[in-house]
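# Structural features, examined
Listed below, chain by chain, are the residues.
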Amino acid sequence: MAARGARLCSLLLLAALAGLGAEAKNSEDVRCKCICPPYKDHSGHIYNKNVSQKDCDCLHVVEPMPVPGPDVEAYCLRCECKYEERSSVTIKVTIIIYLSILGLLLLYMVYLTLVEPILKRRLFGHSQLIQSDEDIGDQQPFANAHDVLARSRSRANVLNKVEYAQQRWKLQVQEQRKSVFDRHVVLS
C-alpha cells in the first residue's frame, strides 16, 4: 500500500513538473514595487506594476502621479522602488510535495485506525489478545502477546526478546501498583 502511494505521489509530481515546465515566465512573477512615504498633504502609498527591470523607477510605476508637475522629482526621490521576481513553478512544486506528504500521512492514519486492527484480529484471534484481570478490574490488551508472538515464526528472535522484556516490565509495574495500593489501603 505504501509503495502504491509513493508511486502515485511521484507520478503526480512528474505530471505537475511537466505541466509547469512548459509554461513561460508569467507576467505575475515579476513586478516593480514602489513605496512612497507621505509628501506634503498626500498620504503614503505603495504602487505595484509589471514592468521590466530597467523601467523599475518612480516615473514608470507611480500612476497616477499624486503631485503636480514641479513636485514630481522631489516626490520620486523619496520613493523607494524595488524589482521583485519570484518563481511560481517552485512555489507550486513545493505545495504539491507538501500536499502529497500530507495525503500519505492521512492514508497511513486511515490504515492504522481502520485496516490494522482488522488484520490483527485475523492474525492473532480476538480472544487471545484480551485477558481480563479480576484483581485490577481493567482489560489488558496484548497481555499474552508474547506467547502469541513466540508461536509466530515470522518474527525475528531479537524482536521476541524485546517483546518478552517489555511484557516482563509491564508485569513488574503491575505488581508494584498492586502492592502500593494494598499498602495504602492497609495504612489508612
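Residues numbered from 1 in each chain as written. Predicted model: local features only at pLDDT ≥ 70, side-chain atom pairs only at ≥ 80, totals over all residues. Heavy atoms only, no water.

## Here's the deal with the state of the cysteines
Tallied over the full model, the rule gives four disulfides. Sulfur-sulfur distance for the disulfide between C36 and C79 comes to 2.0 Å. Around the S-S axis, the bridge from C36 to C79 shows a dihedral of about 115° and counts as right-handed. Within this pair, whereas C36 is found in strand β1 (residues 30-36), its partner C79 is found in the loop between α3 (72-78) and β3 (80-85), the two being separated by 43 residues in sequence. (Disulfide = S-S within 2.5 Å. Helix = DSSP H or I, 4+ residues; strand = E, 2+ residues; numbered from the N terminus.)

## Details of the UniProt feature "transmembrane region" (unreviewed entry) in the protein
Mapped onto the present numbering, the UniProt feature "transmembrane region" (unreviewed entry) falls at residues 95-114. Across residues 95-114, helical content stands at 100% and strand content at 0%; the span's end C-alpha atoms are separated by 28 Å. (UniProt positions renumbered as here; feature names shortened; annotations may be inferred.)

## Focus on the packing of aromatic side chains
Evaluated as defined, the whole model comprises two aromatic pairs. With 5.8 Å between their ring centres and 70° between their planes, Y39 and Y75 make a pair best called edge-to-face. Taken together, the residues span a long stretch of sequence, with Y39 in the loop between β1 and β2 (45-49) and Y75 in helix α3 at a distance of 36 residues. Judged by relative accessible area, Y75 falls into the buried class, the value being 1%. Centroid distance Y108 to Y111: 6.4 Å. Interplanar angle 25°. Geometry classified as stacked. Residue Y108 and its partner Y111 are both found in helix α4 (residues 88-124); the two are separated by three residues, about one turn of the helix. Given the relative accessible area of 27%, Y111 is considered partly exposed. (Phe/Tyr/Trp six-rings, centres within 6.5 Å; stacked < 30°, edge-to-face > 60°. Buried < 20%, exposed > 50% of the residue type's maximum accessible area, 1.4 Å probe, protein only.)

## Quick look at the sheet that holds β2
In space, the three strands of this open sheet follow the order β2-β1-β3, with antiparallel pairing throughout. Every interior strand has two partners, whereas the edge strands, β2 and β3, have only one. Pairwise comparison of adjacent strand axes, ignoring direction, gives a mean angle of 20° for this sheet. Examined bridge by bridge, β1 and β3 share six bridges and lie antiparallel to one another. Its bridge partner lying in β3, C32 is registered against Y83. (Pairing = 2+ DSSP bridges. Axes fitted to C-alpha atoms, helices over the stretch in contact; angles between N-to-C directions.)

## Some thoughts on the confidence of the model for the protein
In low-pLDDT regions, the fine details of the predicted coordinates are not to be read closely. Mean pLDDT for the protein: 75, with 63% of residues reaching 70 or above. By mean pLDDT, strand β4 (residues 130-132) is the weakest element of the protein at 43, and β3 is the strongest at 94. Here residues 20-24 scores under 50 on pLDDT; set against residues more than four positions off or in separate chains, the count is four contacts. Between residues 126-139, whose pLDDT stays under 50, and residues either more than four places distant or in other chains, the model counts 23 contacts. (pLDDT = per-residue confidence, 0-100. Contact = heavy atoms within 4.5 Å.)

## Section: the pattern of salt bridges
What the rule picks out here adds up to five salt bridges. For the salt bridge of R31 with E84, the shortest nitrogen-to-oxygen distance reads 2.6 Å. With R31 in strand β1 and E84 in strand β3, this pair connects stretches of sequence that are 53 residues apart. Exposure remark for E84: the relative accessible area of 27% places this residue in the partly exposed category. The salt bridge involving K49 is made with E63; its shortest N-O contact spans 2.9 Å. With K49 in strand β2 and E63 in the loop between α2 (58-61) and α3, this residue pair connects regions lying 14 residues apart in the sequence. With a relative accessible area of 27%, K49 lands in the partly exposed category. (Salt bridge = Lys/Arg side-chain N within 4 Å of Asp/Glu carboxyl O.)

## Topic: a nonpolar patch on the surface
On the surface, a cluster of nonpolar side chains totalling about 500 Å² of accessible area is made up of L106, M109, V110, L114, V115 and L119. Relative to the elements of secondary structure, L114 occurs in helix α4. (Patch = residues over 30% accessible without salt bridge, like charges linked within 9 Å, V, L, I, M, F, W, Y side chains within 5 Å. Areas by Shrake-Rupley, 256 points an atom, 1.4 Å probe, with all protein chains shown as cover.)

## Description of the nonpolar core
In this structure, C32, C34, C36, Y47, V61, V62 and Y75 are the most contacted members of the largest nonpolar core, which totals 15 residues. Listed by contribution, the elements that provide at least two residues to this core are β1, α2 and α3. Residue contacts for C36: discarding those within four places in its chain leaves G44, H45, Y47, V62, Y75 and C79. (Core = buried A, V, L, I, M, F, W, Y, C linked by side-chain atoms within 4.5 Å.)

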